[in-house]
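Below, each chain spelled out in residue letters.
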Amino acid sequence: MDQPIIRLTGVCKSYGDNEVVKDLNLEIMPGEFLTILGPSGCGKTTTLRMIAGFEEVTKGQVFLAGVDVADKKPYERDVNTVFQNYALFPHMNVFKNVAFGLVEQRIPKAEIKERVQAALKLVRLEGMDNRMPSQMSGGQKQRVAIARALVLKPKVLLLDEPLGALDLKLRKQMQHELKHLQQELGITFVYVTHDQEEALTMSDRIAVMNAGVMEQLGAPEQIYNHPATRFVADFIGESNIMEAYVDSITESGIKCVMEFGDFTIRRGDYADEEMLYICVRPENLRFTAEPVAGFNLFGKIKEHIFMGSICKTIVKLPNDQEVFRTAPPSDGLLPMDSVVHLSWRPTECSILRTKEEQIYNVIESSVEMEGFDARQIL
Amino acid sequence: MADIDAKIQAKKRRNRLLFNSAAITYGSLIYLFLYLPILIVILFSFNTSRMNLTFQGFTFDWWGSMFSNRTLLESFYNSIIVAGASTILSVIIGTLGAVGMYKFEFKLKSVLSNSLYIPIAIPEIVFGISLLMFFSSLHVQTGMVTMIIAHVTFSMPFVLITVRARIAGHDRALEEAAKDLGAGESHTFFRVTLPCIMPGIISGGMLALTLSLDDVIISAFTNGPDAKTLPIKILELSRRGVPPDAYALSTLMIIGTVVIMLSSQLVQNRMLKKRGEETVSP
């Protein structure tokens, strides 16, 4: 197994009393596309800036290719950054912007020219050498910023919400281009975003951060299907989260009781009376006219919202909580105010439990998730 | 109906005409008021008469004699030296000050930054007297050096404030980007920070240059017997009637000022235009 290209051990960052990043441990492998995902203010950008060297680490260590970089300035680190607002030099044309780092390295002129042309070709900006940044669109500026960083052939490229300023269509296109670029060049990408969809589409692994803590680290499918914490379940995609407690444990399963009904889960080492949080993705929630074995939950159809490719149906439970289902509109709509029974496949729900005041996931069906132990994460 | 409409239209047109002609007359008067004295100086530098009451004939004599008037030329050179040296010094000190205030947080920063306005706001005569007292208490003979120091003290705050205004809109990520791409502290400054704030430095420098060139009061307190600037010299001469060769020299200075002003604006505008920023109008 390769050695990680980036290793953060016990990294903390605080400004005065304000702890922005708390005890972060993260290993990033060579060639990996790792996304740090979280809401604004969760410490994701700070983490990236500590790797780049713009912020000092309060506690803990950052290793780049096995070397502790505590006393290395940004210009001594073998990583390059693509900034949120591009940060192109306004007084330089495209060629000079891209050549900036090569000039610093005192590379011969002919080689600079060659490498800049190659980099511009890579981001499909051939022939734009003499353009000034002010004459370019947002998407083009972003490409220049990427070329400027890639031309130095860094081991790691750090990207700080690089697509945040672009419109939706361009953003989708750039997502694909970035992913292809990363696969083609085999460079490690550390990508910071608050856009969960972006993270799910592009990443090999996602680190979800909240309030300075990494709540889950895993492949996009793991994060989506088996959120480790209530925050992750809420933040990534949409979730119906229902509270229930363990009523009785019998041979046939564990009976969970809610305020307005009950259902049975097959196994798990839950304690009596334990509080559980059941997360069901809206696409996994099923509505039926007749009760399904094991489930005794029902509600009233309150609203249908047509959203193009899917239709969202909101159901009000007897305790006034609203849950919703998404399904293709072709599936047919049940009439308003009709009573429906709720159910889901046991493998399609996540059960989170409270432990040491943390809500965490117990993966119920260990069959599909071999090699992934949620207990280790939190 | 149509008749009334036409009448209203005609009245509107008349009113507009009246307004336009009033505006044009007013504007012309303002500009006449501003530029007539200057035009008279230029005109009388070509007058055959020594007395500047009437224009009697055209001559280049004064332009010729100007170049042989040693004291006048000397004071002209002094002006150039004082203005040049004080501008360079105040641009360097002012720019470093502005960059320092931008980069670092320190105690009493706001006090320091507000105190910059004191030399600007204080009456020049007070400033002049205090500088004279300062130099004499140190037993320094006033002359070119004291004048240069004095000019730096009053023009440096202008440079600092102008450059600081420019830096305020500066994106800190640019410096980070430069360092990220391998540039050390000094390369980051000279390749990124300095070019970015150059338009501000040029405006500040121009301000310092013009302030220094036409300063009379502070120069009057800090000059020495052998070091007089042109404004001081002309003031001295004017007590006995201004010689026409001083007109010629003044005309030369007007032309020089206009050329410097226009060219600096041209350079600044080219910089700003390249970066897609709003240009300054002359």
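Scoring rules and cut-offs
Residues numbered from 1 in each chain as written. Chains lettered and ligands numbered in written order. Predicted model: local features only at pLDDT ≥ 70, side-chain atom pairs only at ≥ 80, totals over all residues. Heavy atoms only, no water. Core = buried A, V, L, I, M, F, W, Y, C linked by side-chain atoms within 4.5 Å. Buried < 20%, exposed > 50% of the residue type's maximum accessible area, 1.4 Å probe, protein only. Helix = DSSP H or I, 4+ residues; strand = E, 2+ residues; numbered from the N terminus. Contact = heavy atoms within 4.5 Å. Buried area = accessible area lost by both parts, 1.4 Å probe. Salt bridge = Lys/Arg side-chain N within 4 Å of Asp/Glu carboxyl O. 1 Å grid on protein atoms, 1.4 Å probe; cavity = no way out; pocket = protein on both sides within 12 Å on 5 of 7 lines; lining within 4 Å. Points joined across faces, edges and corners; volume = space filled by probe spheres on them. Nonpolar A, V, L, I, M, F, W, Y, C, P; charged D, E, K, R; others polar. Pairing = 2+ DSSP bridges. Axes fitted to C-alpha atoms, helices over the stretch in contact; angles between N-to-C directions. Expected span 1.5 Å × (residues − 1). Phe/Tyr/Trp six-rings, centres within 6.5 Å; stacked < 30°, edge-to-face > 60°. Lys NZ or Arg CZ within 6 Å of the ring centre and 35° of its normal. Disulfide = S-S within 2.5 Å. Lys, Arg positive; Asp, Glu negative; His and termini not counted. Polar contact = N/O pair within 3.5 Å; in protein donor to acceptor, adjacent residues only side chain to side chain.

J.: Could you give an account of the nonpolar core, naming the residues involved and the relevant values?
T.: All names here are of chain A. I6, F89, V98 and V190 are the most contacted members of the largest nonpolar core, which totals 76 residues. Ranked by the residues each element gives to this core, the list is headed by helix α4 (residues 138-150), at 6 residues. Other than its neighbours up to four places away in sequence, V190 contacts I6, I28, L34, I36, L48, V156, L157, L158 and L159. Grouped together as the second largest cluster of nonpolar side chains are 26 residues, F263, L285, I301 and V323 included.

J.: So what's going on with the interface of chain B and chain A? Which residues, and what values?
T.: Across the contact, 20 residues belong to chain B and 25 residues belong to chain A. For the chain B and chain A pair, buried surface summed over both sides reaches about 2,100 Å², with 61% attributable to carbon and sulfur atoms. It is D180(B), L181(B) and R191(B) that lose the most area in chain B upon contact with chain A, and together they represent 37% of the buried surface on that side. Connecting chain B to chain A are 2 salt bridges. The closest approach of N and O atoms between R49(A) and E176(B), which form a salt bridge, is 2.7 Å. Breaking the side of chain B that touches chain A down by element, the ones donating at least two residues are α8 (173-180) and α9 (185-213) of chain B.

J.: Lay out the layout of surface pockets with the relevant residues and their values.
T.: Where empty space is left becomes clear once a probe the size of a water molecule has been rolled over the atoms. Empty space within the largest pocket amounts to approximately 830 Å³. Of all elements in the fold, only α1 (44-52) and β4 (59-64) of chain A together with α3 (70-103), α8 and α9 of chain B reach the threshold of two or more residues within the lining of the largest pocket. Element by element, the count of residues in the lining of the largest pocket is highest for α9(B), at 4 residues. Looking at the lining of the largest pocket residue by residue, the class counts come to 12 nonpolar, 5 polar and 14 charged. Surrounding the second largest pocket, 18 residues form its lining, D214(B), S250(B), M253(B), I254(B) and T257(B) being those nearest its centre. Taken together, the elements giving at least two residues each to the lining of the second largest pocket come down to α1 (2-44), α9, α11 (230-238) and α12 (244-274) of chain B. With 8 residues, α12(B) is the single largest residue contributor to the lining of the second largest pocket. For the lining of the second largest pocket, the per-class residue count stands at 14 nonpolar, 3 polar and 1 charged.

J.: Residues and numbers for the sheet that holds strand β8 (residues 188-193) of chain A, please.
T.: Consider a sheet: its strands pair through backbone hydrogen bonds, and that pairing is either parallel or antiparallel. Residue and element names in this part refer to chain A. Ordered in space as β6-β7-β8-β3-β9-β10, the 6 strands form an open sheet in which the pairing is mixed. If you trace the sheet from one side to the other, it starts and ends with β6 (79-82) and β10 (213-218), each paired once. With direction set aside, neighbouring strand axes in the sheet form an average angle of 20°. Pairing analysis gives 4 bridges linking strand β3 (residues 33-37) to strand β9 (residues 205-210), with the strands arranged parallel. Bridged to L37 within β9 is V208. Running over the sheet, α1 touches β3, β6, β7 (156-160), β8 and β9 and is turned about 145° from β7.

J.: Account for helix α5 (residues 168-185) of chain A, naming residues and giving values.
T.: Residue and element names in this part refer to chain A. End to end, α5 covers 26 Å across 18 residues, agreeing with the expected 26 Å (1.5 Å per residue, within 8%). In the core, the buried residues of α5 are packed alongside β3, α3 (109-122), α4, β7, β8 and α6 (196-202). Trailing α5 by a residue or two, G186 shows a phi angle of about 70°, which is positive.

J.: An account of the packing of aromatic side chains is needed here, citing residue identities and associated values.
T.: In this structure the tally under the stated criterion is 14 aromatic pairs over all chains. Ring centres of F231(A) and F235(A) lie 5.2 Å apart, and the angle between their planes is 15°; this geometry places the pair in the stacked category. One end of the pair, F231(A), and the other, F235(A), are both in helix α8 (residues 230-235), 4 residues apart, so they sit about a helical turn from each other. Taking 5.2 Å as the distance between ring centres and 80° as the angle between the ring planes, the aromatic pair formed by F189(B) and F190(B) counts as edge-to-face. Following the ring pairs from residue to residue traces out a cluster consisting of F46(B), F58(B), F60(B) and W63(B). Over the aromatic face of F89(A) sits the side chain of R148(A), whose NZ or CZ is 4.7 Å from the ring centroid. Positioned above the aromatic ring of Y102(B) is the side chain of R172(B), whose terminal nitrogen or guanidinium carbon lies 4.2 Å from the ring centre.

J.: Give me the state of the cysteines: which residues, what numbers.
T.: Throughout this description, disulfide means a covalent bond between two cysteine sulfur atoms. Residues and elements named next belong to chain A. Overall, the coordinates contain 0 disulfides over all chains when judged by the stated rule. Here C12 is not disulfide-linked; the sulfur of C42 is the nearest cysteine sulfur, at 15 Å. Left without a disulfide partner, C349 is nearest to the cysteine sulfur of C279, which lies 8.3 Å away.

J.: Hey, could you go over the side chain of E215(A) for me, with residue numbers and the actual values?
T.: Residue and element names in this part refer to chain A. By the secondary structure assignment, E215 is in strand β10. Although E215 lies buried, it forms no salt bridge, and the closest oppositely charged side chain, K22, sits 9.0 Å away as judged by the N-O distance. Polar side-chain contacts of E215 include one of 2.6 Å to the side chain of T229.

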